[in-house]
Amino acid sequence: MSDQKLPSQARVVIVGGGVIGCSIAYHLTKLGWRDVLLLERHQLTSGTTWHAAGLLTTLRDTETQTKLAKYTLELYRRLAEETGQATGLIDCGSIQLAMTAAKAEEMRRGFNIARSFGVEAHEVSPAEVKKMWPLADVSDLTAAFHFPNDARANPTDVTQALARGARNGGARIIEHMPVTDILQENGRVTGVRTAAGEVKAEYVVTCCGMWTRQLARKAGVNVPLQPAEHYYLISEPIADVHPLLPILRDPGRAAYIREEAGKLMVGLFEIEAAPWAKNGVPQDFNFGDIPPDWDRMYPVIEKAMKRVPCLFDTGIKLLFCGPESFTPDHNYLMGEAPNLQNLFVAAGFNSLGILSGGGVGQVMSEWIVNGHPPMDVWSVNLRRTHRWQDNDAYLWDRTRESLGIGYQDHWPFRQWTTARNVKKGILHDRLAAAGACFGESAGWERPNWYANPGQKPEYEYQWGRQNWFENNAAEHRAVREQVGLFEQSSFAKLLVQGSDALGVLNRISTANMDVAVGRCVYTQFLNTRGGIEADLTVTRLALDQFLVVTAAFTQTHVESWIRNHVPEGAFCVLTDMTDAYAMLNIQGPRSRELLQSLSQDDFSAGAFPFATARQVRIGYQTVLALRLTYMGELGWELYIPTSFALPVYDALVAAGPAFGLKHCGLHTLNSLRMEKAYRDWSHDVGPDDTPLQSGLAFTCAWDKPGGFIGREALLEQKKAGLPKRRLVQFLLEDPKPLLYHNEPIYRNGERNGFITSAMFGHTLGAAVGLGYVSNEAGVSDEYITSGRYEIHIADRKVPAKESIQPMYDPKSARVRA
Ligand SMILES: Cc1cc2nc3c(=O)[nH]c(=O)nc-3n(C[C@H](O)[C@H](O)[C@H](O)COP(=O)(O)OP(=O)(O)OC[C@H]3O[C@@H](n4cnc5c(N)ncnc54)[C@H](O)[C@@H]3O)c2cc1C
């Protein structure tokens, strides 16, 4: 244990002195916080940081992660001069290699996106790669992309520089001081316990690398990560190998290659990885490594070495194996714990902790100081995880796949293959018999599309139309022309009750919740900046009882948002009813006839208007029916007590043929909602987008008593004039190419925004997308409609029509039929 004296209190205690903890300490002091205490179990960097390869590559999957990587590189560039501690940064650039046409298409799309996020990148020929990398075999390349500004650094030196910067700013760092517990009172963190005593603190940040799950769990906080073996080898010295050789990133060979002191380092991302430390990470694992599994790794090494064949004639000096943390969706885990105020987490970096460490420090420190992150970080937010993910067997199995996923083909609609079948709805077997091809979201197995008789319900991935394209088209048509059945039991169903339930929900909702019993209300929850934290429906079941329904993946976030806004002493109780109800969504112009044929209750427009809810009888069962749609048609969501679900489903399916009923999957839900321009939270709208920008201001009850959170920010935005960006619907003029998301939008030949979500619109006849159009002077209707638009897809720009109103049924006549 340290002989340094432990203070009895600090404003913030950071637990863990790897690159992440030191970066957070550094950035907090930059924001003017002095009373910052970092406690490290052993020595700085002694966990995972010390043995990282130090690649600083900026092309990432999302805008957020690209921004974090770009900022990190800029920071590391200036850190040595600022702190006097060298960082070993070498401006060597990087090259991404594609060995197949599919990978070339994926990279070309990624490369356009990276450029639209401000990363410098150029497509280069195999011959140019050879010029930059004479030892490389380029004979199997179909394409390559050069990122001249990428670099590498020495992770230990970077961390020491951040620590020095933090100390210079007033932070205290104490090594050899393991934190044994996180202290809390009334749902709020109050400090930490160590062997040398307790430290009281307003904030605690756990960035203990692979130990984070173990420590956070003691405080009841779920941080689903799992360490795995992670390898690189170092060759013997090789002539002509020099530090400025660009890093080769070679997904086809599941490897990267870079120079290391006159030798080559070959890093490996094997397709099937080996999770590590089944019984927990040992507390005394300091500057540790793992004995390499040569038998398992040899084929992986051999495949990688073929990129630089001289490696076969050079000895391997070292095969290094160290543990790194991986997460179930291969994204980091950052932010405030959903169930413990002021406990922050930053862990699970999936072998990207060095290259994102600077950005992570910046985001976390602003999050702590300002109460919110400086940008939309949903894709890495801890709140996207679920309590059930704190399961050893699940994490172990998923990690086999997640380590290598970054180097695999990133096919559109790609599904995880490991750790499946966590949650199955009660209708699962019936749906499988109907041909469902299941995908996974939040652990739920959900039908994405249905195979025809004789067709295998399996994805055949490719860029362009996949094997289920026509299935989707037929399902889509059925909903537009007759009636479709969607199984959506995965949707989170939260019952909010109590004499203060109305007050709580009304304060956090843009819409007015003080409606008649039996009304369904579409609303957003906003943060104080007017950004959209949730986009959902609330149904008033009784004067003091509301049903909140939200997408499965948002459950933890929405639950925690509601709970955290219940004032002390208020009587408002939230109960998760998700597993108590199955949900069947019956949508399409013949849905009324179908339901009416099975029920004594009146489904006519007069008796059952849009946005209302009733208990209705279907056969012998009584279910809650909500007349709502996310597909743009007449339809009802049926919330069915689980024990009633099988007979209700059977009755619907038996009656269905007379009305053209077809089973439909979630891909069809998506293609239908895109045509109607219904927004998807986390893609089209999120914490950085306001209703004014995203065309959702119609939900705002501006004058309701007590207002709503975010109202003042929206009024300020209104006062400032036209929004600087607005969400617009696009339809490609060419029916062939497909859109997915992130494709750059060009207005009058200039890059303007990017597609936030997209799908093929089978009624409109081409790919449809949503995306923001920006203009510093404000985006008027005229600005939108006067532009000439193109969408950049891989290597060409495709003209697109724009629309402010939904292109499908703009007046919603079908919805209100
Ligand atoms: C072989 C290999 C190559 C890699 N290459 C790269 C690369 O090229 N680029 C890249 O970006 N990333 C790379 N990584 C990943 C990178 O090393 C990690 O993502 C990063 O180091 C994680 O930093 P951290 O601060 O989260 O964790 P750590 O470095 O593990 O730091 C956590 C610290 O917390 C301390 N701690 C734990 N429990 C407690 C406690 N109870 N009390 C006090 N202190 C505690 C530990 O001692 C440790 O020092 C690589 C990883 C490996 C294994």
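Residues numbered from 1 in each chain as written. Predicted model: local features only at pLDDT ≥ 70, side-chain atom pairs only at ≥ 80, totals over all residues. Heavy atoms only, no water.

Novice: What is the right way to read unusual backbone geometry from this model?
Specialist: Negative phi characterises most residues that are not glycine, and trans characterises most peptide bonds. A positive phi angle is found at N186, which is not glycine, with a value near 50°. Inspection of the secondary structure assignment puts N186 in the loop between strand 9 (179–185) and strand 10 (188–194). By relative accessible area, N186 is classed as exposed at 79%. Its identity is not glycine, yet N742 carries a phi of approximately 75°, on the positive side. With respect to the element layout, N742 can be found in the loop between strand 32 (725–732) and strand 33 (744–747). A relative accessible area of 9% places N742 in the buried class. (Helix = DSSP H or I, 4+ residues; strand = E, 2+ residues; numbered from the N terminus. Buried < 20%, exposed > 50% of the residue type's maximum accessible area, 1.4 Å probe, protein only.)

Novice: Honestly, the environment of P323 in this entry has me stumped. Any pointers?
Specialist: With respect to the helices and strands, P323 occurs in strand 16 (residues 316–326). For the pair P323 and G359, spaced 36 residues apart in the sequence, the C-alpha separation amounts to 23 Å. The contact partners of P323, leaving out residues within four places of it in the chain, are T48, H51, M210, P227, A228, W276, F285, G288 and I290. (Contact = heavy atoms within 4.5 Å.)

Novice: Looking at this structure, how should I read the nonpolar core?
Specialist: Soluble globular proteins tend to bury their nonpolar side chains together. By size, the foremost hydrophobic cluster in this structure holds 65 residues, and its most contacted members are V13, L39, W133 and L268. When residues of this core are assigned to their parent elements, the largest contribution, five residues, is made by helix 7 (residues 294–305). Once residues lying within four places of it in the same chain are set aside, the contact partners of W133 are I95, L245, P246, L248, I257, L264 and V308. (Core = buried A, V, L, I, M, F, W, Y, C linked by side-chain atoms within 4.5 Å.)

Novice: Explain the packing of aromatic side chains to me, please; I cannot follow it from the model alone.
Specialist: By convention here, two paired aromatic rings are described through the distance between centres and the angle between planes. Counted under the stated rule, the structure contains 29 aromatic pairs. Ring centres of W50 and F287 lie 5.9 Å apart, and the angle between their planes is 75°; this geometry places the pair in the edge-to-face category. Taken together, the positions of W50 in the loop between strand 2 (36–39) and strand 3 (55–56) and F287 in the loop between strand 15 (263–268) and helix 7 put the pair 237 residues apart, joining distant regions of the chain. Pairing W378 with F553 gives two aromatic rings, centres 6.3 Å apart and planes at 65°, and the pair type is edge-to-face. Of the two residues, W378 is situated in the loop between helix 8 (353–370) and helix 9 (392–405) and F553 in the loop between strand 25 (545–550) and helix 13 (555–564); the sequence distance between them amounts to 175 residues. For W378, a relative accessible area of 9% corresponds to the buried category. Each member of the aromatic cluster is reached from another via a ring pair, and the members are F413, W449, Y459, Y461, W463, W468 and Y740. Just above the ring of Y808 sits the side chain of R480; from NZ or CZ to the centre is 3.7 Å. Here R614 stacks its cationic end above the ring of F608, 5.2 Å away from the centre of that ring. (Phe/Tyr/Trp six-rings, centres within 6.5 Å; stacked < 30°, edge-to-face > 60°. Lys NZ or Arg CZ within 6 Å of the ring centre and 35° of its normal.)

Novice: Is there a simple way to think about the sheet that holds strand 30 (residues 635–641) in this case?
Specialist: Strand pairing in a sheet relies on backbone hydrogen bonds, with the paired strands running either antiparallel or parallel. As summarised here, the arrangement of the six strands in space is 28-29-30-27-21-31, forming an open sheet in which the pairing is mixed. This sheet does not close on itself; its edge strands, each paired only once, are strand 28 (613–618) and strand 31 (661–664). Strand-to-strand, the axes of this sheet are offset by a mean angle of 30°, without reference to chain direction. Helix 11 (residues 469–481) contacts strand 21 (483–487), strand 27 (581–587) and strand 31 of the sheet and is inclined by roughly 130° relative to strand 31. Running over the sheet, helix 15 (residues 642–655) touches strand 21, strand 27, strand 28, strand 29 (621–626), strand 30 and strand 31 and is turned about 140° from strand 30. (Pairing = 2+ DSSP bridges. Axes fitted to C-alpha atoms, helices over the stretch in contact; angles between N-to-C directions.)

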